Amino acid sequence: MGPSETMDMVVGMLDRNEIEFQRRPDGDEVRVLLGTAAVFIGTGVWDGQEIVVIHSPLVLDLQLTPETTASAHFWVNQRNRETRFARFVLVDTRPDEPGATTTAFINAEHELLSADLQASELINAVEEMAAIADAVDEEAVALLGGKTYAAASEEEAEIEQE
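Note that the structure is predicted; figures quoted are calculated from it, not measured.

About the criteria used
- Residues numbered from 1 in each chain as written.
- Predicted model: local features only at pLDDT ≥ 70, side-chain atom pairs only at ≥ 80, totals over all residues.
- Heavy atoms only, no water.
- Helix = DSSP H or I, 4+ residues; strand = E, 2+ residues; numbered from the N terminus.
- Rg over C-alpha atoms; globule rule 2.2 N^0.38 Å.
- Buried < 20%, exposed > 50% of the residue type's maximum accessible area, 1.4 Å probe, protein only.
- Contact = heavy atoms within 4.5 Å.
- 1 Å grid on protein atoms, 1.4 Å probe; cavity = no way out; pocket = protein on both sides within 12 Å on 5 of 7 lines; lining within 4 Å.
- Points joined across faces, edges and corners; volume = space filled by probe spheres on them.
- Nonpolar A, V, L, I, M, F, W, Y, C, P; charged D, E, K, R; others polar.
- Pairing = 2+ DSSP bridges.
- Axes fitted to C-alpha atoms, helices over the stretch in contact; angles between N-to-C directions.
- Parallel < 35°, antiparallel > 145°, perpendicular 65-115°, else oblique.
- Left-handed = near helix turned anticlockwise from the far one by under 90°.
- Salt bridge = Lys/Arg side-chain N within 4 Å of Asp/Glu carboxyl O.

Enquirer: Go over the overall build of the protein, please, and point to the residues and values.
Expert: Counting secondary structure elements, the protein contains four helices and six strands. A globule of 162 residues ought to have a C-alpha radius of gyration of about 15 Å, and the protein, at 17 Å, matches this closely. Taking the principal axes of its C-alpha atoms as reference, the protein extends roughly 45 × 40 × 30 Å. Expressed as a percentage of its 162 residues, the buried residues of the protein come to 43%. Long-range contacts, defined as pairs at least 24 residues apart, comprise 57% of the intrachain contacts of the protein with a sequence gap of at least 6.

Structural data, given as structure tokens:
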């Protein structure tokens, strides 16, 4: 099964379980909104096997300074020690040009093997990812700065209306 067939399988599982979602125009990823969290579902390959990649953005537009970088790494490590069924990652989006603003984002991530994936596994993983994001995103923003996905989406919608 290739990436396209895996995404079709995911979409079918979401449809059959009446989970609302939006699919990117290229078909490579879907977004599920649950509570204030967004959960993105895509595909990948691990050790030659197709996988379903699930992630939820927790903090966007995090301005990195030496202090916030250290605090963000500590926060991510603590969450990784305390949380099951999710991996937290700090992704540096540092541009290559000198003097440019350094920003980052923090995601919660989870992968599933797609070969024998059951709808209940996928739905449980999506719901758990949303619950984890809802539980920690505001805490992370309060401690580190940046924006939650919900806040960033609201700002984007306001800009589009102008």
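Enquirer: Give a detailed account of the layout of surface pockets, specifying residues and quantitative values.
Expert: Size it by volume and the largest pocket reaches roughly 170 Å³. What lines the largest pocket is Arg-31, Phe-40, Leu-60, Tyr-149, Ala-152, Ser-153 and Glu-156. Take the lining of the largest pocket: its biggest share by element is four residues, from helix H4 (residues 149-161). In the lining of the largest pocket, the residues fall into four nonpolar, one polar and two charged.

Enquirer: Outline the sheet that holds strand S1 (residues 22-23), supporting the account with residue identities and numerical values.
Expert: With antiparallel pairing, the six strands of this open sheet are ordered in space as S1-S2-S3-S4-S6-S5. Of all strands in the sheet, those bounded by a partner on one side alone are S1 and strand S5 (87-92). Taken together, the two bridges between S1 and strand S2 (residues 30-34) define a ladder with antiparallel strand orientation. Its bridge partner being in S2, Arg-23 is matched across the sheet by Val-30.

Enquirer: Lay out the pairing of strand S3 (residues 37-46) with the relevant residues and their values.
Expert: Each regular strand displays side chains that alternate between the two surfaces of the sheet. In terms of burial, S3 is a largely internal element, seven of the 10 residues being buried. Where S2 lies against S3, five bridges are found, and the strand directions are antiparallel. For Val-30, the partnering residue across the bridge sits in S3 and is Ile-41. The turn joining S2 and S3, which pair antiparallel and follow one another in sequence, is formed by two residues; a positive phi near 60° is taken by Gly-35. Relative to strand S4 (residues 49-63), S3 runs antiparallel, the two sharing seven bridges. Bridge pairing links Thr-43 to Val-52 in S4. Between S3 and S4, which pair antiparallel one after the other, the connecting turn spans two residues, and Asp-47 there sits at a positive phi close to 50°.

Enquirer: I'd love a proper account of the packing of helix H2 (residues 66-82) against helix H3 (residues 119-144), names of residues and values included.
Expert: The angle between the axes and the distance between the axes are what describe a pair of packed helices. Where H2 meets H3, the closest approach of the two axes is 10 Å, and the angle between their N-to-C directions is 155°. Viewed along their axes, H2 and H3 adopt a mutual orientation that is roughly antiparallel. Here H2 runs over H3; the crossing is right-handed. Side by side, H2 and H3 meet where Thr-68, Ser-71, Ala-72, Trp-75 and Arg-79 of the first sit next to Val-136, Glu-139, Ala-140, Leu-143 and Leu-144 of the second. Residue composition of the contact of H2 with H3, grouped by class: six nonpolar, two polar and two charged.

Enquirer: So what's going on with the pattern of salt bridges? Which residues, and what values?
Expert: Summed over the entire model, instances satisfying the criterion amount to nine salt bridges. Residue Arg-24 is joined to Asp-26 by a salt bridge in which the shortest nitrogen-to-oxygen separation is 2.7 Å. Taking the relative accessible area as the measure of exposure, Arg-24 reaches 37% and is therefore partly exposed. Several salt bridges converge on common partners, so that one network encompasses Arg-24, Asp-26, Asp-28 and Glu-29.

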